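# Descriptive structure summary
The primary structure of each chain is shown beneath.
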Amino acid sequence: MTRMLLTADVARLIRHDGLAASLRTLAGHIAEDYRRWHEFDKSARVANHSADGVIELMPISDASLYGFKYVNGHPKNHRVGLPTVMAFGVLADVATGVPTLLTELTLSTALRTAATSALAAQHLARPDARSMALIGNGAQGEFQALAFHHLLGIAEIRLFDIDPAATDKLVRHLSGIDGLTLIRCASTAEAVRGADIVTTVTADKRNATILTPEMVEPGMHINGVGGDCPGKTELHRGVLERASVFVEYEPQSRIEGDLQQMPADFPVTELWRVLRGEIAGRRREDEVTVFDSVGFALEDFATLRWLGERALALGLGRELPLVPDMADPKDLFGELGTMAPSLGDVPVAAAPGVPMTPATAVATALSADREPIAV
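In what follows, the accompanying structure is described. (Residues numbered from 1 in each chain as written. Predicted model: local features only at pLDDT ≥ 70, side-chain atom pairs only at ≥ 80, totals over all residues. Heavy atoms only, no water.)

## A few points about a nonpolar patch on the surface
The criterion, for reference: The patches described consist of residues with a relative accessible area above 30% and no salt bridge, like charges being joined within 9 Å and nonpolar side chains (Val, Leu, Ile, Met, Phe, Trp, Tyr) within 5 Å. Only the protein chains shown count as covering a residue, and every accessible area follows the Shrake-Rupley method with a 1.4 Å probe. Salt-bridge detection follows one rule: a side-chain nitrogen of Lys or Arg within 4 Å of a carboxyl oxygen of Asp or Glu. Only DSSP runs of H or I with at least four residues qualify as helices, and only runs of E with at least two residues qualify as strands; both kinds are numbered from the N terminus onward. Burial classes follow relative accessibility: with a 1.4 Å probe on protein chains only, a residue under 20% of its type's maximum area counts as buried, one over 50% as exposed, and anything between as partly exposed.
Side chains of Val98, Leu322 and Val323 sit close together on the surface and give an oily, nonpolar patch of about 220 Å² of accessible area. Relative to the helices and strands, Val323 resides in the loop between strand E17 (318-320) and helix H11 (358-367). With a relative accessible area of 43%, Val323 lands in the partly exposed category.

## Some remarks on the packing of aromatic side chains
What characterises a pair of aromatic rings is the spacing of the ring centres plus the angle enclosed by the ring planes. Rules: Side-chain rings of Phe, Tyr and Trp (the six-membered ring for Trp) are treated as a pair once their centres are within 6.5 Å; stacked means planes under 30 degrees apart, edge-to-face means over 60, and tilted covers the remaining angles.
Inspection of every chain in the model, using the stated rule, returns 9 aromatic pairs. Between Phe40 and Phe301 the ring centres are 5.1 Å apart and the planes differ by 85°, which places this aromatic pair in the edge-to-face class. Taken together, the residues Phe40 in the loop between helix H2 (19-35) and strand E2 (46-49) and Phe301 in helix H10 (residues 297-314) connect sequence positions 261 residues apart. Arranged with centres 6.5 Å apart and planes meeting at 55°, the rings of Tyr66 and Phe68 form a pair that is tilted. Through a chain of ring-to-ring contacts, the aromatic side chains of Tyr34, Trp37, Tyr249, Trp272 and Phe296 assemble into a single cluster.

## Considering the packing of H2 against H10
Our working rule: For helices, the axis comes from a line fit to the C-alpha atoms of the stretch in contact; other axes are also lines fit to C-alpha atoms, and the angle between any two N-to-C directions lies between 0 and 180 degrees. Working definition: roughly parallel below 35 degrees, roughly antiparallel above 145 degrees, roughly perpendicular at 65 to 115 degrees, and oblique for all remaining angles. Note on convention: the crossing is left-handed when the near helix lies turned anticlockwise from the far helix by less than a right angle, right-handed when the turn is clockwise. Contacts are assigned to residue pairs with any non-hydrogen atoms lying within 4.5 Å of each other. For this classification, Asp, Glu, Lys and Arg are treated as charged, while Ala, Val, Leu, Ile, Met, Phe, Trp, Tyr, Cys and Pro are nonpolar and the rest, including Gly, are polar.
Direction vectors running N to C along H2 and H10 enclose 125°, while the axes themselves pass 9 Å from each other. As summarised for this structure, H2 and H10 are arranged oblique, according to the angle between their axes. When the axes of H2 and H10 are compared, the crossing they make is right-handed. Along its contact with H2, which presents Ser22, Thr25, Leu26, His29, Ile30, Glu32, Asp33 and Tyr34, the element H10 presents Leu298, Glu299, Phe301, Ala302, Thr303, Arg305, Trp306 and Glu309. When grouped by side-chain class, the residues that make up the contact of H2 with H10 number 7 nonpolar, 4 polar and 5 charged.

## What to know about the pattern of salt bridges
Applying the stated criterion across every chain, the model contains 26 salt bridges. Note that Arg36 is salt-bridged to Asp33, the shortest N-O span being 3.0 Å. Across the pair, exposure class does not vary: Arg36 and Asp33 are buried alike. For Glu278, the salt bridge is made with Arg273, and the minimal N-O distance between the two is 3.6 Å. For Glu278, a relative accessible area of 42% gives the class partly exposed. Among the charged side chains, a network of salt bridges with common partners joins Glu32, Asp33, Arg36, Glu39, Asp62, Arg305 and Glu309.

## Let's talk about the nonpolar core
Under the convention used in this document: Here, nonpolar core means buried Ala, Val, Leu, Ile, Met, Phe, Trp, Tyr and Cys residues that are tied together by side-chain atoms lying within 4.5 Å of each other.
One finds Leu23, Tyr34, Leu152, Ile154, Ile157 and Ile197 to be the most contacted residues of the largest nonpolar core, which totals 66 residues. Sort the elements by how many residues they give to this core and helix H3 (residues 106-124) lands first, with 9 residues. With residues near it in sequence (within four places) discarded, Leu152 still touches Ala118, Ala121, Gln122, Ala129, Arg130, Ala147 and Ile197. Membership of the second largest hydrophobic core comes to 27 residues, among which are Val198, Met220, Val245 and Leu259.

## A look at the layout of surface pockets
The condition is simple: Computed over the protein atoms alone on a 1 Å grid, cavities are sets of points where a 1.4 Å probe fits but cannot get out and pockets are open sets with protein on both sides within 12 Å along at least five of seven lines; a residue lines them when it has an atom within 4 Å of a point. Grid points are joined across faces, edges and corners, and a volume is the space filled by probe spheres set on the points.
Volume-wise, the second largest pocket comes out at about 150 Å³. For the second largest pocket, the full set of lining residues is Arg3, Leu65, Leu91, Thr100, Leu101, Leu304, Arg305, Gly308, Glu309 and Leu312. When residues of the lining of the second largest pocket are traced back to their parent elements, those giving at least two are strand E6 (99-104) and H10. Broken down by element, the lining of the second largest pocket gets its largest block of residues, 5 residues, from H10. Per-class residue counts for the lining of the second largest pocket are 5 nonpolar, 2 polar and 3 charged.

Written as C-alpha cells, this is what we have:
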C-alpha cells in the first residue's frame, strides 16, 4: 500500500510539531542528506517551459530510496485563483520500485525552501547577523521570515513588495511573533540599507535586477531565491562579481540560477562541501556571500523522508492500493477479469476449443467490432 498525504495532512503535522520545530527538523534532514552527497544518483531537473511558466520533474535516489517531485512555476496563476507553485512528490523503494509515499509538496516546498535558505545562511552569514531585508512578500515570504527568525535569531525584518497587499498579508500573519520586528519599506534600496542579510524571493519570469551592486554592503549575505529558471534572474551580475557564490548543484544552477548570467568558468562552491566541512563558508567578516538558490531534488528527497517518518508516527494520511495485489504477479492481463461483470448483456463467445474464462471474455469483447463498452 502507498501512504497518501494531502495538504490538510501536512498542515496538521506542522501544527502538531510546531512550525519552529518543523523547520529545525527539516533543516536537519536536508543537512544530513547533503553531507552524504556522493551516495546520491543526481541530475538536473527536467523542465518544460512555456510563455506562461514552467513545469518540472525533479528525480534523485540513493541506494535504498527513490524520490521525485512534480512542480510548476506560473507567476500569473493568482489571476485565476491558483497558486504560483503547485507540487506533489513520490518516495519509492529502490529494491522493488514500490511507491511507499504519495504526498502534496506545495506547502512542503515552501517549508523546505525556507529551511534550506536558513541552513545555508547558518554557514554563510555573519554569526552576529540580526536583521534581514525581505524583497518579495508573497507566498514564500512568511516561511523565509520565520526560518531566519527561528534558526538564525533574526529579530528585525525589513519588508518590500511592489504589491502592498502582499506586505499587508505578511504583516497580518507575523505581527504577533514574539521577538520579531517587522518594518515596512518604500523601496528595495530602503529595505536593504543596513541589513545583515538580504533575501530576494520574487515571482516574475523575467530577467530582473532586484538587487544592484550599489545596494550591497560589506559583510552582507544575499539569499537569492526567486531566480530559478532560464530567463528569470533577480541579481545584477555585478553583485555576483563582488561576492563568494554558493550553489546547490552546479550543473543545474548554471542553467537556472542568477549564475546563468556569468561565464562558464565563473567560480562557485557547492553547498555540500561547506556542510561537510571541506571548504569554509564565510571566511571574513567583510566578505559578501551569495547563496544562488534554485531548489534541488535532494532537498525534496529529505522533505519526503521527513514527511513519511512523521506521518507514520502520527498516523496521518490514508492507504492507497496503487500497486495491483495480484495472485500471480506474472498475470497482469488477468486483472482485467474484474471487468467481466460490467459487460452486461453483450454476447461474448470464445473461440472453438478455448475455455471462456473472465480474461478470455474481456479480451474477446475488447477485440470485437462493436462500439466501445463503458466499464
